[in-house]
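Fold and geometry: a report
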Amino acid sequence: KQWYQRRVAITAGSLFTKGDPYCEVIVDSNLPRKTEICKGTYEPVWNHDFNLLVNPRSVIELKVSTKHRFKNDIFVGSATVELGNLLASHNGVLRNVEHHLTLKDRTGNKTGTIFVTFDMVLEQGGELTALINSLALAPSSSVAGPSNQSDADEPLPPGWEMKIDQNGRKYYVDHNTRSTQWTKPPSLPPGWEQRHDHRGRPYYVDHNTRTTSWQKPTAQNVEHFNNWRRQLSSEQEANRQQLESRYASSTNNANGVHADNADALGPLPTGWEKRVMENGRVYFVNHEHRTTQWEDPREQIKNASSRPLPRGWEERYTADGTKYFVDHNTRTTTFNDPRITLGHGSANPIQYERSYRWKFGQFRHLCTRASIQTGHIKISVSRNSVFEDSFNQILNIPPQDLKRRLFIQFRGEDGLDYGGLAREWFFLLSHEMLNPMYCLFEYASKNNYSLQINPASYINPHHLTYFKFVGRVIALALFHNKFIDKGFTLPFYKRILGKPLTMMDLKSVDEDFYNSLNWVKENHLEECGLELYFAHEFEVLGEVKIHELKPGGEDILVTEENKEEYINLMVSWRFTRGVEEQFKAFLDGFNEIVPLHWLQYFDERELELILVGIKDFDLQDWQANTIYRNYRRSDKQIQWFWTFVQEISDEQRSRLLQFVTGTCRLPIGGFQDLMGSNGPQKFCIERVGKENWLPRSHTCFNRLDLPPYRSYDTLKEKLLLAIEETEGFGQE
């Protein structure tokens, strides 16, 4: 045999599975040669040329595999080319001839297609004639291996004919277009057509369903697909009819139509249905309010009827004998027995029974839906000027962009923000901007260190801009589920929620003012000889101002008839005196991030919990919701750690929690609801380092790296040094 060095190019492929594929070329079972690896694709493009040493009877095997980093490479499929048949079918001349070879796995299933270009010429004459004669005597074989064996058995499409030329080669005549070709035309089911894309790859068009496919259709495959579609359609129709019948049954049951709901206790109340679980347990459905319960509502009615009516209620009957109930307390009537709680009331009482966790979940859903998932906003600040740096950046960023993930960087530190730095930033910034020394806010009273707006803030000519900034930051903390350092007064939260203020709200803010108004309320002004007018004096920075509670109030005397109006106006004015513009600027900034109607679920105390969190520590809850890595609960270092936590003060516990999590506050659910970079993440203690190392923390993951100290004194000394003397973040 004479050997030749000829070019074979592996151009591209189309695979059924995605991965990092490469192709191996093996000539006559010799050592393989590989293409480069294409990363993460269904359609690799290699364009790799090989100069192969072949003879006219060589067999070339093309094997495609997927690269795997940690396991053996995964075999995808292979195809075989017999050069003799290929050369004979092209009269010994292959000038950049591209062939599409079908890849099959070891079980014979098709796994894709590979595109190969051949460039080789067999000299005309005796060698070509000898090759053609030997192939004519040998059993017919295929260019693409086993796949063409089945093609030989397939009939030709209508209008086609196979002929043999003078050299014994098969060719095919298309009488429809009066053309010839060497390759056998595919036999396609009715309504199908073969086409080629811009890269020469064949694909198939189904004009019946107006779809395309890379896989060659056969009559059997099409029949199986049509059977599957008919079966799927029949199953969908059966499911639809079943749902319709179930809905009709539920409607009838809700109207008390079915006799199954009637037994020794009589029919169920209107809108109720009795159902049975798979284990035989009975439960009851209230279709009116879409609730379920185990208790039989008829038993509840029977038991409640034996109890007396609540105070102020009366039982009566209409002219046709229907029972109804009168509530003399509110002067209303109802057909529902007040002694029975079956959920027949209006939806409003149900709303007040919703838990804080449900309300918080609804609010978080609104925030998540409004957040922008792509990209992040980078805020770079210095610890020494966190207020000024944040002010200059936050107000220059469009409000919509602030709904992206925050990426906080402290200058001079290499920490990566996965949530922990953002918690630290909110804590430090709120501590600074709410500091009464800046004259934006003041303490409510000598005994109440909650904050309220300072009426004297106007001494700063840009104070309204600062209040807009504060509103943005407070809303950002709510939106990104972070805590701030200090809290406001409860009346301040009520004003954010748009709720009316009462005299009782005054008591926690200004007890002297409350006592004065309460004295006016409880005493007869004329008998005491006290003259009051609808005006009041107040002092700001040494300047005395007079405020009229209503137009012309300086001349309107307070009497017993208008005393209630006077008290209400005084309460309202006390909370708004000198701070109307500041509060409006605050709400403007707040509303740019969190629309105020999103807070409709909460009352003032719940809003305070979301914003400030809980500062009291339950040590049992802390221990119960702590996980350990490379430590066991019984290890002496863990026992020493909890002894240390019990011994230190609340202030030091706060600093320890802030050292590990980035904030000294807890969510309303306690330690079990601590948040990490990817959602809820419990407090974690991991064994890392050597005895002479200091403890380290990962605030984004709520993790404390605790070295294996050999004594309790060493552990205590190192922990106290870490939580009291360290500041900043580093990158490992």
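Calculation rules
Residues numbered from 1 in each chain as written. Predicted model: local features only at pLDDT ≥ 70, side-chain atom pairs only at ≥ 80, totals over all residues. Heavy atoms only, no water. Helix = DSSP H or I, 4+ residues; strand = E, 2+ residues; numbered from the N terminus. Buried < 20%, exposed > 50% of the residue type's maximum accessible area, 1.4 Å probe, protein only. Contact = heavy atoms within 4.5 Å. Areas by Shrake-Rupley, 256 points an atom, 1.4 Å probe, with all protein chains shown as cover. Phe/Tyr/Trp six-rings, centres within 6.5 Å; stacked < 30°, edge-to-face > 60°. Lys NZ or Arg CZ within 6 Å of the ring centre and 35° of its normal. Salt bridge = Lys/Arg side-chain N within 4 Å of Asp/Glu carboxyl O. Core = buried A, V, L, I, M, F, W, Y, C linked by side-chain atoms within 4.5 Å. Axes fitted to C-alpha atoms, helices over the stretch in contact; angles between N-to-C directions. Parallel < 35°, antiparallel > 145°, perpendicular 65-115°, else oblique. Left-handed = near helix turned anticlockwise from the far one by under 90°. Nonpolar A, V, L, I, M, F, W, Y, C, P; charged D, E, K, R; others polar. Pairing = 2+ DSSP bridges.

Observations concerning the overall build of the chain
Regarding its fold elements, the chain presents 21 helices and 32 strands. Expressed as a percentage of the 732 residues in the chain, the buried residues total 42%. Within the chain, contacts between residues at least 6 apart in sequence are counted, and of these 60% link residues at least 24 apart. Here the chain displays about 41300 Å² of accessible surface, and carbon together with sulfur accounts for 48% of that area.

A closer look at the packing of aromatic side chains
On inspection of all chains with the given rule, the structure shows 24 aromatic pairs. On the numbers, 5.6 Å between centres and 85° between planes, the contact of phenylalanine 534 with tyrosine 566 is edge-to-face. Linking phenylalanine 534 in the loop between helix H14 (525-528) and strand E25 (535-540) with tyrosine 566 in helix H15 (residues 563-576), this pair joins segments that are 32 residues apart in sequence. One Lys or Arg, arginine 281, reaches over the ring of tryptophan 294 and ends 3.5 Å from the middle of that ring.

Quick notes on the pattern of salt bridges
A side chain with one charge may pair with a side chain of the opposite charge, provided their charged atoms come close. Enumeration over the complete set of coordinates arrives at 26 salt bridges. The partner of aspartate 296 in a salt bridge is arginine 298, with the nearest N and O atoms 2.8 Å apart. For aspartate 296, a relative accessible area of 13% puts it in the buried group. Owing to a relative accessible area of 7%, arginine 298 belongs among the buried residues under this scheme. For the salt bridge of glutamate 314 with arginine 316, the shortest nitrogen-to-oxygen distance reads 3.1 Å. Exposure remark for glutamate 314: the relative accessible area of 28% places this residue in the partly exposed category. Under the relative-accessibility criterion, arginine 316 is labelled partly exposed at 35%. Put simply, Glu686, Arg696, Arg703 and Asp705 are held in one network by salt bridges that share partners.

What about the nonpolar core?
Core analysis: the largest hydrophobic core is formed by 58 residues, its most contacted members being Trp425 and Phe488. Element by element, the count of residues in this core is highest for helix H10 (residues 463-479), at 10 residues.

Thoughts on the environment of tryptophan 272
Locating tryptophan 272 in the fold gives a position in strand E15 (residues 272-276). Note: C-alpha distance between tryptophan 272 and histidine 289 (17 residues apart in sequence) is 9.9 Å.

Focus: the packing of helix H9 (residues 420-433) against H10
Here H9 crosses H10 at 150°, and the two axes come no closer than 11 Å. In terms of their interaxial angle, H9 and H10 are classed as roughly antiparallel. Read as a crossing pair, H9 and H10 show a hand that is left-handed. On the side of H9, the interface is formed by Phe426, Leu429 and Met433, while H10 contributes Phe469, Val470, Val473, Ile474, Leu476 and Ala477. Split into classes, the residues belonging to the contact of H9 with H10 amount to nine nonpolar, no polar and no charged.

Re the sheet that holds strand E10 (residues 170-174)
Pairing in this open sheet of three strands is antiparallel, and the strands run E9-E10-E11 from one edge to the other. A strand with exactly one partner marks an edge of an open sheet, and here the two such strands are strand E9 (160-164) and strand E11 (179-181). The sheet shows a mean angle of 30° between the axes of neighbouring strands, taken without regard to direction.

Details of the pairing of E10
As paired elements, E9 and E10 share five bridges and run antiparallel to each other. Across the sheet, residue tryptophan 160 finds its bridge partner in E10, namely aspartate 174. Hairpin remark: E9 followed by E10, antiparallel, with five residues in the connecting loop; positive phi at glycine 168, about 85°. Two strands pair when backbone bridges link them, and E10 and E11 are joined in this way by three bridges, in the antiparallel orientation. Counterpart to tyrosine 172 in the pairing with E11 is glutamine 181. Where E10 hands over to E11, the hairpin turn is made up of four residues, of which arginine 178 adopts a positive phi near 55°.

Keep in mind these values describe shape, not function.
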